[in-house]
Amino acid sequence: MSEILAGAVSPEVESEFPGIGVRFCFVAGGPSKTPAGLSQELDLAADRITGAQAVRVAAEPVAALYRALRAQLGMDPSVGEGTAEDVIRRRLLEGGFRPSGIPADAITLATLETGIPLWAFGVSKALSGPRISLWSDPSTGVVELRSDDLRMATLFGEPHPEFEVTRKSEQMCLVALVAPGVVPEIVELALERAVALCVTS
Amino acid sequence: MSTTFAATDRTPSPALAEDAILHAGARDALKAQIARIETATVALVAEAHPLALDLAPVQPGPPRLMSLGNLESRRDALALRLEDARAQLTTVRSRQDEARAQIELMLSDPQSYRWLRVSRDELGLPGCGHWHVRPRLGLIGMLAGWWHVKISSGCPLICDSGQRRALTVL
């Protein structure tokens, strides 16, 4: 398992949201099938989710901090790819967690357990240094995840096509956002859990 | 561990940069207000459960560093939404209180509220039972003025186990 690294945060974003951060790590290889053990864990997790929990999840401390951040960033706080609310909403709409393969299922379970939104990107092997950053577009102010000069995704959005996890991906980069007020160790734990689930598959 | 940004990366839009410097305190206050309002809204929604509050949609947009004006309008929109949610909850709660008071009146003087029916739904309770003012012994009670409140326990098939039982019987 690769080391968990801290990404850079542009000065504009840092000054606007003190305490914000990015953590990421790399997992060798591309996507794979969901192992039976993880499928079972997801089934058990799905069975524990009730309608009442779906309502309460947004009020839980960690989820609330990410929600507040989305509101402060001008987003609809209820919308956000990979958030705990998004995972639970998916569970309610689909009636369970259908196996979607690794890394999707690994990050679903890790997010469900910790409340931390995680994203997976497909990257080339050339990119193996600490180059992921949180950056704001100077002209529009849009906050993005970047790899060097390339846009990986808009924050809380879907990956840019170039960074989608595909069979051609040489390695995967798992990224987590540290919202202001969230203890970075929890974010790192979420990443470690997701990586462990990816690696053991 | 972390990378540093090149000098070219440090050039935010002039409007945002000026805004950030001149109104740093105001921006921080607005962001704190936005966070507080959002937290209060979520808490209200959780408190209202199982009643589903109809929250007005918030203008969606990409995640961005907002100007002071945008932060203000965002704060106002969220505050209005919270106010609207509170009003909805208050209206529903007052209707439920009225229904509770109505049941008290029905129980104390059934004769004055003949045939009146209050459902569990009107009280915000789960299930499909109701309180119904009916005559004792049917027609005889109706003619004799023997009225009472009958409490229905609701549909037995509403719960999961009930459904299973019904299926087993079938």
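Use the structure listed above.
About the thresholds
Residues numbered from 1 in each chain as written. Chains lettered and ligands numbered in written order. Predicted model: local features only at pLDDT ≥ 70, side-chain atom pairs only at ≥ 80, totals over all residues. Heavy atoms only, no water. Helix = DSSP H or I, 4+ residues; strand = E, 2+ residues; numbered from the N terminus. Buried < 20%, exposed > 50% of the residue type's maximum accessible area, 1.4 Å probe, protein only. Contact = heavy atoms within 4.5 Å. Areas by Shrake-Rupley, 256 points an atom, 1.4 Å probe, with all protein chains shown as cover. Lys, Arg positive; Asp, Glu negative; His and termini not counted. Charge placed at Lys NZ, Arg CZ, Asp CG, Glu CD. Disulfide = S-S within 2.5 Å. Pairing = 2+ DSSP bridges.

Participant: Describe the overall build of chain A, and please don't skip the residues or the numbers.
Facilitator: Scanning chain A from N- to C-terminus turns up seven helices and eight strands. Each principal axis of the C-alpha atoms in chain A carries an extent, and together these give about 45 × 35 × 30 Å. Burial statistics for chain A: of 201 residues in total, 56% are counted as buried. For chain A, contacts bridging at least 24 residues in sequence account for 70% of all contacts bridging at least 6. Within the structure as shown, chain A displays about 8200 Å² of accessible surface, and the carbon and sulfur contribution to it stands at 53%. Averaging the coordinates of the 17 positive side-chain charges in chain A and doing the same for the 26 negative ones gives two points 6 Å apart.

Participant: Give a detailed account of the state of the cysteines, specifying residues and quantitative values.
Facilitator: All names here are of chain A. Counting across every chain of the model gives zero disulfides over all chains. Free of any disulfide, Cys 25 has its nearest neighbouring cysteine sulfur in Cys 173, separated by 7.1 Å. Residue classification places Cys 25 among the buried positions, given a relative accessible area of 0%.

Participant: Any details on unusual backbone geometry? Residues and values, ideally.
Facilitator: Residues and elements named next belong to chain A. Going from Ile 102 to Pro 103, the amide bond is cis rather than trans, its omega being 15°. Relative to the helices and strands, Pro 103 resides in the loop between α5 (84-94) and α6 (104-114). With a phi close to 55°, Asp 148 is a non-glycine residue in the positive phi region. Relative to the helices and strands, Asp 148 is located in the loop between β6 (143-147) and β7 (150-154). The class for Asp 148 is partly exposed, based on a relative accessible area of 43%. One non-glycine residue, Phe 156, lies in the positive phi region at around 65°. The residue Phe 156 is located in the loop between β7 and β8 (171-178) in this model.

Participant: Can you tell me about the sheet that holds β7 of chain A, naming the residues and giving the values?
Facilitator: If you trace the four strands from one edge of the open sheet to the other, you get β2-β5-β6-β7 (chain A), paired in mixed fashion. What marks the edges here is a single partner per strand, and that holds for β2 (8-9) and β7 of chain A.

Participant: Before we move on, can you summarise the sheet that holds strand β1 (residues 5-6) of chain A with the specific residues and values?
Facilitator: Residues and elements named next belong to chain A. Spatial strand order, β1-β3-β8-β4: four strands in an open sheet with antiparallel pairing. Of all strands in the sheet, those with a lone pairing partner are β1 and β4 (118-123), marking the two edges. One ladder, built from eight bridges, connects strand β3 (residues 21-28) with β8; its direction is antiparallel. From the neighbouring strand, Phe 24 faces β8, where its bridge partner is Val 175.

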